[in-house]
Every structure is written in C-alpha cells, then in structure tokens.
Amino acid sequence: MTITARPYDLADDPREGRGRHSLSTTVVVLDPSDDQPARPRRITARTAEDTIALVGAGVSSLALVWLLFRQILPFSGRTGFVLCWFVLFVALYAAITGVGQPRPIVLDRVMSAVVHGGAAIVGLSLTATIWYTFYKGWPALKHPNFYYRAGDSVGPNTPLGTGGIEHALIGSAIQVGIAVVISLPLGLLTAVYMTEVGGRFSRVVRTVIEAMTALPDLIAGLFVYFIIVQISGSKTGFAVSCALSITMLPIIARSSEVVLRTVASGLREASLALGAAEWRTVLQVVLPTARSGLGTALILGMARGVGESAPLLVVSGVSSFTNKDPFKDPMNSLPFYIYTNYRNSTTALSVTRAFGAASVLLGVVLILFVIVRLLARQRGGNR
C-alpha cells in the first residue's frame, strides 16, 4: 500500500458554497493497488560498521593485553589477563564507536557490551565449574558400585571398584525429607499469615524472615548443637534435619509469600461474597490457585538444603555405614562425605571419590532447578 499526498483547496468544493474563504490543505490518499506489506525496521540490527568496530576492539585489546602481560609488565595469571582484556576491550570499543556515532549510541553500545560480557563471564564460569567437577569425578562415576555400595570397607588406598556413596545418598534423602516435613508447614503458614492476615505483627514476621535469609548457616548449626546435640548427647540425623530446616524455612516462606500475592484478589472477593469463611477461602481458593508456585518454593528450599555443608560441620557425625534411623547414631550425607574425603585425603583416590560425590550432588541440584524452571514456565503461560 502506497501513501501519497496532493494539495486540496476547499474553495473548489461546490459543497462549501460561495462566500467562504479559500483554504488549501493536504489530503493523504492511500493507494490500495500496492499489496506489498510494510516491513518494520529492526532497531537492534547491527551494521557492518558496528561489526568491524566490535571485532577490531576485541582483537586489538587482546593483542595489547598480551603485550603488557608477556613483554612489558610483570603480570601473570589467567584471571587477571581476562579481566584486563575485558576492561581494555570496553574502553577501545567506546573510543572506536565514538568516532562516527553520537554519544547516546556510544553509551548504548558500551552498555550492551558490558551486559553481554558479564553474562558470558558468568556462563563460562558456571560451565567451567561443572565441567571440572565432572572431569575430576569421572573415574569414580563410571563404576556402578559407586552408587549402591556403602563406604564401610573403603580405605585411603582402596580401589574405586570397591565401596561407594550409598550411605551418604540415603542419609541426605532422609535428612532433607525430615527438614521438608518441618519447614514446609511452618513456611507455608508464615506466608499465609503475611499475605492473608496481615496487621502490624506481620511486618515484624517479615523482618525476621528476611533476617533469617541473610543469617549465616553456621549459626543455625550452632543453635541446633546447643539445643539438641548437647541435650541428647549424640549427633544424629534428626539434629542435621533441624539445622537444615532453619536454613530452608526463610526460602520457602519468602517464595510462598510472593506466589500468594500473585493470586487475583477477585477470587478472594468472589469466595467471600458467596458466604465462604476466610479460612475456607484460603484453603480451597487461594492455595489451589497457587499450587504450582508453591511447588516451586518447595523445590527451591530443597535445593538450598541438600547442598548445605556449614551446619553439618557442627551437628553431623562421621559415619561410613548405612544408617536409616535418624534418631540414633551419626548419619552421613553427601556434603559431609565430600568434606571429609577431601579434607582427610592422603591419596588421589580419596580426592577422586570426593569429586565423584560432588558431581552427584551437583547433578541433583541441577535437576531440582530444572524442575523449578519448568514449573515456573508452566505457571507463567509458557513464557
């Protein structure tokens, strides 16, 4: 469709009659004969000049940093090399772009480079951590017995074909399960109180929950140690679960509060208008509506608890056999198994077992976060 303009004089219009002043204007005429649809302009399109400036800044900054590190200054280290290269790249990119572009475009290009560079550094760091962990633990991971054998017959020089992490896997599952039983009702009730009941005291509760989120995990372990371990006289799996529940409670409470606030107020008003009590509205309307979000909050809390190690250093005891009773005798877990094997390592086999257990723990956490992402996408309408 083509848009054309032609002059138009109102005096020439017989419908205007005589005695009127001559007034000219412009009339826009749409030509429907042209059927070609209008193509929107891509505002994020990169021109050849932008590409040349980006590549030139990257190559020149890399060469300059290499010259400074290797030939002129007594610098060394891969981390410093990458950081210096990135800073110099941003500076050169801004200077090259500023030659032929105005200041707003220069700021846009620089901020885009900083944001993309930061995302690339974070992604590469995470990828390198995962790859290194699985690489170091692969000699242990490739043995099937590593997953279903306990470590009661494992010594410093025992081959990797003997023993495994069964006792640590079972211990972690029991401890996290008990922690969920303790923290889930408390966190959910706290979130319901802050969102549905409210009042002055809810602000105090919200402040306490936020403070618990920033609480060092070691403090939770010390608290449980003096309250439970000192009284019972032994380190048990239940004590570990109590310490984990303290660290999981603020995560579940805060996440559940955010989810409950997203429930439309019209649903509550409709339920109350039909004569339902407030507790029944919460139980049968609000909570079912936020079901997927509450599941996300639970999995986030589990992912936080399954990888905790600081509280375990205080309340967990060393055990190399499978213990399924959380109220009697020490119970091992994956984080504590990793810590003891790496700290007390006298041979490379112990380090390999530690990295193998770390790979399993990392895989469990990644699976939990993938489930969280899928649930969040389902709740958000496949965004």
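A short tour of the structure in this document, coming up. Just so we're clear, the structure is a prediction, and the values are computed from it rather than from any experiment. Residue indices begin from 1 for each chain and proceed along its sequence in written order. Under the rules for a predicted model, residues below a pLDDT of 70 receive no local features and side-chain atom pairs below 80 are neither given nor counted, while totals for whole chains, interfaces and linings still include all residues. The side-chain quantities take in all heavy atoms of the structure and omit both hydrogens and water.

Considered as a void within the structure, the largest pocket measures approximately 350 Å³ in volume. Grid spacing is 1 Å over the protein atoms alone, the probe is 1.4 Å, and a cavity is where that probe fits but cannot get out, while a pocket is an open set with protein on both sides within 12 Å along at least five of seven lines and lining residues have an atom within 4 Å of a point. Every residue lining the largest pocket is counted, 17 residues in all, and those nearest its centre are Val154, Ser320, Tyr337, Thr340 and Asn341. Looking at the lining of the largest pocket, the elements that each hand over two or more residues are helix H13 (334-343) and helix H14 (348-379). Broken down by element, the lining of the largest pocket gets its largest block of residues, three residues, from H13. Three residue categories are used. Nonpolar comprises Ala, Val, Leu, Ile, Met, Phe, Trp, Tyr, Cys and Pro, charged comprises Asp, Glu, Lys and Arg, and polar comprises the others, including Gly. Among the residues forming the lining of the largest pocket, the class breakdown is four nonpolar, twelve polar and one charged. Grid points are joined across faces, edges and corners, and a volume is the space filled by probe spheres set on the points. The helix count covers DSSP runs of H or I at least four residues long, the strand count covers runs of E at least two residues long, and both are numbered beginning at the N terminus.

The tendency in soluble globular proteins is for nonpolar side chains to be buried side by side. In this structure, Ile165, Leu244, Val315 and Leu334 are the most contacted members of the largest nonpolar core, which totals 36 residues. Among the elements of the structure, helix H3 (103-141), helix H5 (166-197), helix H7 (217-232), helix H8 (237-261), helix H11 (291-306), helix H12 (312-315), H13 and H14 are those that each provide at least two residues to this core. Take this core: its biggest share by element is eight residues, from H14. With residues up to four places along the chain from it excluded, the contact list for Leu334 reads Ile165, Ala168, Leu169, Ser172, Ala357, Val360 and Leu361. Formed by ten residues, the second largest nonpolar core is a distinct cluster that contains Ala191, Val259, Val286 and Leu294. Working definition of a nonpolar core: buried Ala, Val, Leu, Ile, Met, Phe, Trp, Tyr and Cys residues. They are joined through side-chain atoms within 4.5 Å. Burial classes: relative accessible area under 20% of the type maximum marks a residue as buried, over 50% as exposed, and values in between as partly exposed (1.4 Å probe, protein chains only). Contacts are assigned to residue pairs that have any heavy atoms within 4.5 Å of one another.

Moving on, we come to the environment of Thr322. Note on placement: Thr322 falls in the loop between H12 and H13. When its relative accessible area of 29% is taken as the criterion, Thr322 is described as partly exposed. With near-sequence residues (within four places) excluded, Thr322 lies in contact with Ala150, Glu166, His167 and Ile170.

Our focus in this paragraph is H8. By this rule, a helix spans an expected 1.5 Å times one less than how many residues it contains. Counted at 1.5 Å a residue, the expected span for H8 with its 25 residues is 36 Å, and the 35 Å between its end C-alpha atoms agrees. The axis of H8 is deflected most strongly, by about 35°, at Met248, and proline Pro250 appears within four residues downstream. Most of H8 is tucked away: 19 of the 25 residues are buried. We define the bend at any residue as the angle between the axes fitted to the seven residues before and including it, ending there, and the seven starting there.

Note on aromatic pairs: the rings of Phe, Tyr and Trp (six-membered ring only in Trp) are paired at centre separations within 6.5 Å, and the planes decide the class, stacked below 30 degrees, edge-to-face beyond 60, tilted for the rest. Inspection of the entire model under this criterion finds eleven aromatic pairs. Here the aromatic rings of Phe69 and Phe81 are separated by 5.4 Å at their centres, their planes lie at 80°, and the arrangement is edge-to-face. You can see Phe69 sitting in helix H1 (residues 48-72) and its partner Phe81 sitting in helix H2 (residues 78-100), a full twelve residues away along the chain. In this structure Phe81 comes out as partly exposed when scored by relative accessible area, which is 21%. For the ring pair Phe146 and Tyr147, a centre distance of 5.8 Å and an interplane angle of 85° mean the geometry is edge-to-face. Among the residues examined, Phe146 registers a relative accessible area of 2% and is labelled buried. By way of ring pairs, the aromatic residues Trp85, Phe89 and Tyr93 are connected into one cluster. Two conditions define a charge sitting above a ring: the NZ of Lys or the CZ of Arg must be within 6 Å of the ring centre, and it must be within 35 degrees of the ring normal. Over the ring of Phe355 we find Lys136; its NZ or CZ atom is 5.9 Å from the centre of that ring.

Per the stated rule, a full pass over the model turns up two cavities of 30 Å³ or more. Empty space within the largest cavity amounts to approximately 50 Å³. Around the largest cavity, the lining residues are Met212, Thr213, Leu215, Pro216, Asp217, Ala220, Ile246, Thr247 and Arg304. A per-class count over the lining of the largest cavity returns five nonpolar, two polar and two charged. Taken as a whole, the second largest cavity holds about 30 Å³ of empty space. As for the second largest cavity, its lining consists of Ser172, Gln175, Leu244, Gly305, Val306, Glu308, Leu312, Ser333 and Pro335. Elements that contribute at least two residues to the lining of the second largest cavity include exactly H5 and H11.

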